[in-house]
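# Secondary and tertiary structure notes
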Amino acid sequence: MAASWVPVPPESDFPIENLPYGVFRTSRGPHVGVAIGDAIFDLYAASHAHLLGDVVPAGVAQASSLNPLLALSHDSWGRLRRRLFELLKSDTTEIAAQDRERFLSGRADVEMLTPFKVRDYVDFYSSLEHATNLGKIMRPGGEPLLPNWRWLPVGYHGRASTVVVDGTPIVRPSGQIKTEAGRPEFAPTRMLDVELEIGFVTGAGNTLGEPIAADRAREHIFGVVLVNDWSARDIQAWEYQPLGPFLGKSFATSISPWVVTLEALESYRATVPKQEPAPLPYLRCADDWNYDIALGIEMQTEEMRSDGISADVIARSNAKYLYWSMAQQLAHATSNGATISPGDLFASGTISGSEPGSYGSLIELTWRGEKPLKLSSGEERSFLEDGDTVTLTGRSEAPGKPRIGFGRVSGTIVPAR
């Protein structure tokens, strides 16, 4: 573990070994920065002070989004990370003590923006436990998994333009909902749900027609964010056959403002659960490609906020449970020759464990409303109500290793319009 000249509280998600990238706005405009402790190190200011040299082009460090950085090579990402580490170490001599404050902004004093322009968005269905639970709920008495599930990472294309950053209010969506009479009505969803996910953002892409091999995924994946792919389960249930999710998903997807690099997560690699049957050759990987990232869902109702009651933790899960890894997801998404671009977002799908307290969605936690959650305020929830705030958290930590955190991604439900 290393020390920085920037104070880092013991419980911080952002020690010098992390240095996740984000975009923040002050009176000087939007700048790219890295989080460290309770501060942000400003790459725009560092570039203007000639501290980054020729590690990356000036236009990359002085951009208003991460996309120019994403477009660089994997080697360039590594060089910039190493350079920032050297500048922020406690024993650096390159930034005089009296000059250091001008490179920092307090994280509490700035507005965090969506860190990159999302070019395309795909959401997978990669948790065996989640897929099995939903199969049992939706097809009671039948086989929970469809025949293709263990052969390929199932996914759907979402809507890139509705990917929003932490703190963005979530408007309750309306859509067609099947009634007891069998006919649909157009109404606000009554089954608004949360999905506990992680997602990866890609960098330099491939040529049309040339797939990306699973073992080369590391060259194309820049980093990881927390994802909440909000879902309207009643709208989804009526519309999803035969072509899959549409309006029940496309109204909003929230991501965390900090992108944690794969290099920062290196010491937390975890093995993928045993896959049976063995994946087809194009989906096989030599490396471990899951990550030990502890995940949580917190809920606070409007009544809880009014009464000063802290949010309840309603679920805890871990990204290491994923059946299909990020490398396999990317290999499958490009296996037909489809291209990726800097800023493409690929989400894991809901991540659930084997125990009820580790389920990553309300439809599982309440078994589609049959077992409502009892909150510390005395309230009950089957699905989300207006005024509810949901927060996802994620961090990797273990004895003898630095904590690598993601911060959080929150959203508050506001009434349908």
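Structure shown above.
Let me begin by describing the structure that accompanies this report. (Residues numbered from 1 in each chain as written. Predicted model: local features only at pLDDT ≥ 70, side-chain atom pairs only at ≥ 80, totals over all residues. Heavy atoms only, no water.)

With that settled, the discussion passes to the overall build of the chain. Of the regular secondary structure elements, the chain holds nine helices and 26 strands. Scaling as 2.2 N^0.38, a compact globule of 417 residues should have a C-alpha radius of gyration of about 22 Å, and the chain matches this with 22 Å. Along the first, second and third principal axes, the C-alpha atoms of the chain reach 70 × 55 × 40 Å. The buried share among the 417 residues of the chain stands at 56%. Here the contacts in the chain between residues at least 6 apart in sequence split such that 74% fall between residues at least 24 apart. When the accessible surface of the chain is split by element, carbon and sulfur atoms take 51% of a total near 17900 Å². (Helix = DSSP H or I, 4+ residues; strand = E, 2+ residues; numbered from the N terminus. Rg over C-alpha atoms; globule rule 2.2 N^0.38 Å. Buried < 20%, exposed > 50% of the residue type's maximum accessible area, 1.4 Å probe, protein only. Contact = heavy atoms within 4.5 Å. Areas by Shrake-Rupley, 256 points an atom, 1.4 Å probe, with all protein chains shown as cover.)

Let's shift gears to unusual backbone geometry. Excluding glycine, most residues fall at negative phi; most peptide bonds, likewise, are trans. Of note, the amide linkage connecting Gln241 to Pro242 takes the cis form, showing an omega dihedral of 5°. Relative to the assigned elements, Pro242 resides in the loop between helix H6 (233-239) and strand E16 (253-255). Residue Pro277 follows Glu276 across a cis peptide bond; omega there is 0°. With respect to the helices and strands, the residue Pro277 is situated in the loop between strand E18 (269-270) and strand E19 (290-291).

One open sheet accounts for five strands, arranged E9-E26-E25-E20-E21; its pairing is mixed. The outermost strands of the open sheet, each flanked by one partner alone, are strand E9 (170-171) and strand E21 (312-318). When strand E25 (residues 389-396) meets strand E26 (residues 404-414), the two strands line up antiparallel, connected through seven bridges. Bridging from a neighbouring strand, Leu392 pairs with Val409 of E26. (Pairing = 2+ DSSP bridges.)

A separate point is the packing of aromatic side chains. Using the criterion set out here, one finds nine aromatic pairs in the structure. Ring centres of Tyr323 and Trp324 lie 5.3 Å apart, and the angle between their planes is 75°; this geometry places the pair in the edge-to-face category. Side by side, Tyr323 and Trp324 carry an identical accessibility label, which is buried. Among the aromatic residues, those joined into a ring-pair cluster are Tyr21, Trp77 and Phe222. The ring centre of Trp289 lies 4.2 Å from the NZ or CZ of Arg218, which sits over that ring. Over the ring of Tyr268 we find Lys401, and its NZ or CZ is 4.9 Å from the ring centre. (Phe/Tyr/Trp six-rings, centres within 6.5 Å; stacked < 30°, edge-to-face > 60°. Lys NZ or Arg CZ within 6 Å of the ring centre and 35° of its normal.)

Here the idea is simple: oppositely charged side chains can pair when their charged atoms come close. Counting across every chain of the model gives 26 salt bridges. The partner of Arg269 in a salt bridge is Glu266, with the nearest N and O atoms 2.6 Å apart. Given a relative accessible area of 36%, Glu266 falls into the partly exposed group. Close ionic contact of Arg403 with Glu397 constitutes a salt bridge, the shortest N to O distance being 3.0 Å. (Salt bridge = Lys/Arg side-chain N within 4 Å of Asp/Glu carboxyl O.)

Compared with an ideal rise of 1.5 Å per residue, which puts 15 residues at 21 Å, helix H4 (residues 74-88) spans 22 Å between its outermost C-alpha atoms and is within 8% of the ideal. The set of residues buried in H4 consists of Ser76, Trp77, Gly78, Leu80, Arg81, Arg83, Leu84, Leu87 and Leu88. (Expected span 1.5 Å × (residues − 1).)

The subject of this paragraph is helix H8 (residues 326-333). Quick reminder: α-helices carry 3.6 residues per turn. Residues three or four places apart thus point the same way. With six of eight residues buried, H8 is to be regarded as a mostly interior element. All of the buried residues along H8 are Met326, Ala327, Gln328, Gln329, Leu330 and Ala331. If you follow the buried residues of H8, they end up packed against strand E6 (121-124), strand E13 (196-202), strand E14 (221-228), E19 and strand E22 (345-347).

Our focus in this paragraph is the pairing of E6. Residues Tyr121 and Asp123 of E6 are buried on one face, and the alternating residues Val122 and Phe124, pointing to the opposite face, are buried as well. Direction of pairing for E6 relative to E22: parallel, over a ladder of three bridges. Across the sheet, Val122 pairs through a bridge with Phe346, a residue of E22. Two strands pair when backbone bridges link them, and E6 and strand E7 (residues 155-157) are joined in this way by three bridges, in the antiparallel orientation.

Our focus in this paragraph is the pairing of strand E1 (residues 21-26). As paired elements, E1 and strand E2 (residues 29-36) share six bridges and run antiparallel to each other. Across the sheet, Gly22 pairs through a bridge with Gly33, a residue of E2. Taking the residues between adjacent antiparallel strands as the criterion, E1 and E2 are bridged by two residues. When E1 meets strand E5 (residues 111-113), the two strands line up antiparallel, connected through three bridges. Within the sheet, the bridge partner assigned to Arg25 lies in E5 and is Glu111.

What follows is about a nonpolar patch on the surface. On the surface, Trp151, Leu280 and Tyr282 cluster together into a nonpolar patch covering about 280 Å² of accessible area. You can see Leu280 is positioned in the loop between E18 and E19. (Patch = residues over 30% accessible without salt bridge, like charges linked within 9 Å, V, L, I, M, F, W, Y side chains within 5 Å.)

On to the environment of Gly203. Counting through the fold element by element, Gly203 comes out in the loop between E13 and E14. A C-alpha to C-alpha distance of 31 Å links Gly203 and Trp5, two positions 198 residues apart in sequence. Every residue in contact with Gly203, bar those within four places of it in the chain, is listed here: Leu70, Trp77, His220, Ser341 and Pro342.

One can find Ile36 in strand E2. Assessed through its relative accessible area of 0%, Ile36 is described here as buried. Along the backbone, Ile36 and Phe85 are 49 residues apart, and their C-alpha atoms lie at a distance of 10 Å. When sequence neighbours within four positions are dropped, the list of residues in contact with Ile36 reads Ser4, Val6, Val8, Phe14, Ile16, Leu19 and Leu88.

Looking now at the sheet that holds E5. Taken together, the five strands give an open sheet; going across it, the order is E4-E3-E2-E1-E5, and neighbouring strands pair in antiparallel fashion. A single partner strand is all that each edge strand has here, and the edge strands are strand E4 (104-106) and E5. On average, each strand axis in the sheet is inclined to that of its neighbour by 45°, with strand direction left out of account. (Axes fitted to C-alpha atoms, helices over the stretch in contact; angles between N-to-C directions.)

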